[in-house]
Structure formats: structure tokens, C-alpha cells
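# Per-entry structural report
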Amino acid sequence: MSLDVSPKLLAEAERGPVREADFVDTVRTSLPYAYDLIADLTAQLRDGMAEFTDNHTPPPSEKERGQLLRALASDAIRGSLERHFGVTLAFMNCHRVAVFRPEDRGGATHARFTSLRSQILNQSPEFRDC
């Protein structure tokens, strides 16, 4: 299960649309590693001049890796995090999350990061079982 949904939020969803802020809060509490990593990368991007920020450090355990994979594999979760933080996310391998400014989506640096070539060049044996 990806998220620990409160009975209140579940009841709201059963009645109709839910507030995105409530959904993001559920993501924050259910997937704290993923949420905090994206929050930290977003802060680094806003504080610096780089075109993007990214993570090269593997998660401390498979539990955290699972949180990251669940957050980025779900269109709803990923999209909500992008809107919440005002960024565009890119993902490579098992833990390399990159944060771009929304206006840079599709630009040269974003296209290079998300290219087939980049994916191939960022492979190594330790990524095969992650």
C-alpha cells in the first residue's frame, strides 16, 4: 500500500473530489523520505543558480527506496508533489531524483537528463536489483 489514508480523507474521496493539500499531507506523512528528499532538493534549487538539483545518495534502506519508488511511480502523487513544490521532477535509476524549474521542462538540460543516452550512461551493476 502506497499511502496511509485517514478515514476522514477516505470518506471525502468516497463523496467526491478531495483537496490537494490534504492529499499532499497524506503523502508527507506516508512517504516521509520521498517528501523530505524532494523538499530538500527544491530548497537547494531555489537557493542556488544551478539549472537543476539532484540526489546521488542511495536511500538508507529498502524501506526508504520503496517510498521513493512509490512516490515517483504514481502519476497522482508525483503530480501533486510537483504542484505543491512548484517544480518539475525527473527520475533515473533507483534513487536519482532531479528537481527542475517548471519552465525548464523540455529544455536542453532537462532533455539531456531524461534522454535514453543519459539513462544508459548512468547504469552500473549496483542499480540492477534496486
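Heads up: the structure comes first, above all this text.
On a predicted model such as this, the values are computed, not experimentally measured, just so you know.

Quick look at the packing of aromatic side chains now. Tallied over the full model, the rule gives four aromatic pairs. For the pair Tyr35 and Phe85, a centre-to-centre distance of 5.2 Å together with 55 degrees between the ring planes defines the contact as tilted. With Tyr35 in helix H3 (residues 32-47) and Phe85 in helix H5 (residues 75-85), this residue pair connects regions lying 50 residues apart in the sequence. For the residue pair Tyr35 and Phe85, the accessibility class agrees, reading buried in each case. Aromatic ring contacts, followed pair by pair, group Phe52, Phe100 and Phe113 into a single cluster.

Looking now at the environment of Ala71. Topologically, Ala71 is positioned in helix H4 (residues 62-73). We classify Ala71 as buried; its relative accessible area is 0%. Excluding residues that lie within four positions of it along the chain, Ala71 makes contacts with Leu31, Ala34, Ile77, Arg78 and Leu81.

Pairing is antiparallel in the open sheet, where three strands are placed in the order S1-S3-S2. Two strands bound the open sheet, and with one partner strand each, they are strand S1 (52-54) and strand S2 (88-92). The sheet shows a mean angle of 20 degrees between the axes of neighbouring strands, taken without regard to direction. By the bridge criterion, three bridges tie S1 to strand S3 (residues 96-100) in an arrangement that is antiparallel. Note on S3: the bridge partner recorded for Thr53 is Val99. Against the sheet, H4 touches S2 and S3, its axis set at about 125 degrees to S2.

Definitions and cut-offs
- Residues numbered from 1 in each chain as written.
- Predicted model: local features only at pLDDT ≥ 70, side-chain atom pairs only at ≥ 80, totals over all residues.
- Heavy atoms only, no water.
- Phe/Tyr/Trp six-rings, centres within 6.5 Å; stacked < 30°, edge-to-face > 60°.
- Helix = DSSP H or I, 4+ residues; strand = E, 2+ residues; numbered from the N terminus.
- Buried < 20%, exposed > 50% of the residue type's maximum accessible area, 1.4 Å probe, protein only.
- Contact = heavy atoms within 4.5 Å.
- Pairing = 2+ DSSP bridges.
- Axes fitted to C-alpha atoms, helices over the stretch in contact; angles between N-to-C directions.

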